Amino acid sequence: AEPAACCLHGIDLCQITPGEQAVLIGGGMIGLLMLQLARLAGASRTALLEPSEKKRRMGRKLGADICIDPLKEDVKRSLKQAGMTWIHTVIECAGLPGTMEQAVELAGKRGKVMLYGLTKPDAQISLKPFEVFQKELTIMGSYINPCTQQRALQLIDSGRLDVQSMVCKTITLEQLED
């Protein structure tokens, strides 16, 4: 519930409105939570960019309209072929400088870019200010979960947010060190 509450705060900041298109970069637990929350917020089309086939399969199961392997596919061409020609929101969940730069590049006119994945504290990215100006982009971050814990629990309890599918393996505390 705690990561879901943090993601819910991030989705709130994105202000996704019904009918928008959203791209999620990174299909780990956070990316898969964000995918579901973007759909619940009203995104009509969602794409997940993730190199792991297992995570892309999970993304499809959880509602991604298109899953792209960014290491093997031309991302922009794949998005265009899927009818995603005006990306309103890009949520970066991998925490890599390169994928953060990609998020800015993929965002459409008046798009929103959520840099959600954590980088190392001293990491830097290249940013083309003219691109931000020309597209009128909003670039934002999100930090923890103020006042969203109860809403996250209600989404999980109602079954509208699937957290059970993401459990890969249950281990005991004694097995944790291994």
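Up top you'll find the structure we're talking about.
Everything in this summary refers to the structure shown in the same document. (Residues numbered from 1 in each chain as written. Predicted model: local features only at pLDDT ≥ 70, side-chain atom pairs only at ≥ 80, totals over all residues. Heavy atoms only, no water.)

Describing the layout of surface pockets
Unfilled space is identified by rolling a water-sized probe across the atoms. Counted as a void, the largest pocket has a volume near 210 Å³. In this structure, the largest pocket is lined by Glu2, Pro3, Cys6, Ile30, Cys93, Tyr116, Gly117, Leu118, Ser142, Tyr143 and Ile144. The leading source of residues in the lining of the largest pocket is helix H1 (residues 2-14), at three residues. Among the residues making up the lining of the largest pocket, the classes are represented as eight nonpolar, two polar and one charged. In this structure, the second largest pocket is lined by Gly27, Gly28, Met29, Leu32, Lys54, Lys55, Met58, Ser165, Met166, Val167 and Cys168. Looking at the lining of the second largest pocket, the elements with two or more residues in it are helix H2 (29-41) and helix H3 (53-61). Examining the composition of the lining of the second largest pocket, we find that three residues originate from one element, H3, more than from any other. Residue composition of the lining of the second largest pocket, by class: six nonpolar, three polar and two charged. (1 Å grid on protein atoms, 1.4 Å probe; cavity = no way out; pocket = protein on both sides within 12 Å on 5 of 7 lines; lining within 4 Å. Points joined across faces, edges and corners; volume = space filled by probe spheres on them. Helix = DSSP H or I, 4+ residues; strand = E, 2+ residues; numbered from the N terminus. Nonpolar A, V, L, I, M, F, W, Y, C, P; charged D, E, K, R; others polar.)

Structural notes on the pattern of salt bridges
One pass over the full model with this rule turns up eleven salt bridges. Ionic pairing is found between aspartate 12 and arginine 151, a salt bridge with its closest N-O pair at 2.8 Å. Remark: arginine 151 occurs in helix H7 (residues 149-158) and aspartate 12 occurs in helix H1; sequence separation between them is 139 residues. Note on arginine 151: relative accessible area 36%, which makes it partly exposed. The residue glutamate 53 makes a salt bridge to arginine 57 at a minimum N-O spacing of 3.7 Å. Here arginine 57 and glutamate 53 lie together in helix H3, a separation of four residues that amounts to about one turn. (Salt bridge = Lys/Arg side-chain N within 4 Å of Asp/Glu carboxyl O. Buried < 20%, exposed > 50% of the residue type's maximum accessible area, 1.4 Å probe, protein only.)

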